[in-house]
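# Reading the structure
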Amino acid sequence: MPVFKIHHITKYAYDRPVRESANQIKIYPFNHLGQETISRELSITQDPNINEFQDYFGNKVGWFMVNEPHDSLVIDSKLVVKTSNAMPNPLVVSKVSEWEKLRQSISSDMRLLDLSKPEPLKSQGTIQKMTEELRPFWDAPAMFIQRCSEHIFENFQYTKGITSIETTVDEILEHKSGVCQDFAHVLLEMLRSIGIPARYVSGYICPNKDGVRGAGATHAWVEVWLPSTGWVGIDPTNNVWVSDLHVSLAVGRHFDDCSPVKGTFKGPANQSLSVYVSVGFEDGSTFED
């Protein structure tokens, strides 16, 4: 069971002082089997009072105000998290008969029903063609999910800097390139197009000796709900089922539900954003991004 020390700094700089800002954070480790928070430190400019609550998806959320004029806002999070690969291998336990159990589960659970509905897309026909070619219902759901992940991994180019959080799935499908959040959004639509409940996950992926895309930085992947396992994660950026190298922060229908930091401020200032992430290991080595 590895232990990771994760340091995540988000800094907003303003070209002139702003009068006040209201902010929301989702940088608390998500509570689930296989992930234990050992310690947590959070430091914010002007040390505001943080109101914490749990949202619809089960995420821990913090909300705070910075009331005095300020020309920067720094949110400094330090976590120590222990992980374990506690989930059974979905490829072993998932069977062809699980498709019917999946439909029955969705019909009796409004949250699963919500997460199995695709977003309206101009390129819905493209998504439908992709999934049909990957033979849904031919074998166990987990096998089909893995084929979808593999299709994205092999046919989409991992390229930093060409997309943003505003980039749509239609645009990603057109140029077939992007980063982890883009690939997660494409996989979500592929799975939901045939009724598999799937949710977006934000967090970190911690590097290993083999190297992984997105290592040591904020990362995104997908969790699917299967009767045999419950929620289990798959990472299309690396084409792997989620392991003890993944640390999750928040889940939702898409990125907007999981954004680590969002907010607004009063004043005519322009802002710039910088993010620093480092992952420390038990042997003392550190990976930074």
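Up top is the structure these notes are about.
Residues numbered from 1 in each chain as written. Predicted model: local features only at pLDDT ≥ 70, side-chain atom pairs only at ≥ 80, totals over all residues. Heavy atoms only, no water.

## Description of unusual backbone geometry
Here Phe137, not a glycine, exhibits a phi torsion of approximately 70°, which is positive. Residue classification places Phe137 among the partly exposed positions, given a relative accessible area of 43%. A positive phi angle is found at Lys176, which is not glycine, with a value near 50°. Within the secondary structure layout, Lys176 lies in the loop between helix 6 (169-175) and strand 8 (177-178). Judged by relative accessible area, Lys176 falls into the partly exposed class, the value being 38%. (Buried < 20%, exposed > 50% of the residue type's maximum accessible area, 1.4 Å probe, protein only. Helix = DSSP H or I, 4+ residues; strand = E, 2+ residues; numbered from the N terminus.)

## What about helix 7 (residues 180-192)?
For helix 7, with 13 residues, the first-to-last C-alpha span of 18 Å sits near the 18 Å given by 1.5 Å per residue. Within helix 7, 13 of the 13 residues are buried, which leaves the element mostly enclosed by the surrounding structure. (Expected span 1.5 Å × (residues − 1).)

## Thoughts on the pattern of salt bridges
Considering all chains together, one arrives at 10 salt bridges under this definition. Among the ionic pairs, Arg147 bridges to Asp139, the shortest N-O distance being 2.9 Å. Like Arg147, the residue Asp139 is buried in the burial classification. Between Glu223 and Arg199 there is a salt bridge; the shortest N-O distance is 2.8 Å. Here Glu223, found in strand 10 (residues 218-226), pairs with Arg199, found in strand 9 (residues 198-205); they are 24 residues apart in sequence, far enough to count as distant. The residues Glu223 and Arg199 share a single accessibility class, namely buried. Here the residues in one salt-bridge network are Asp114, Glu119 and Arg253, joined through shared partners. (Salt bridge = Lys/Arg side-chain N within 4 Å of Asp/Glu carboxyl O.)

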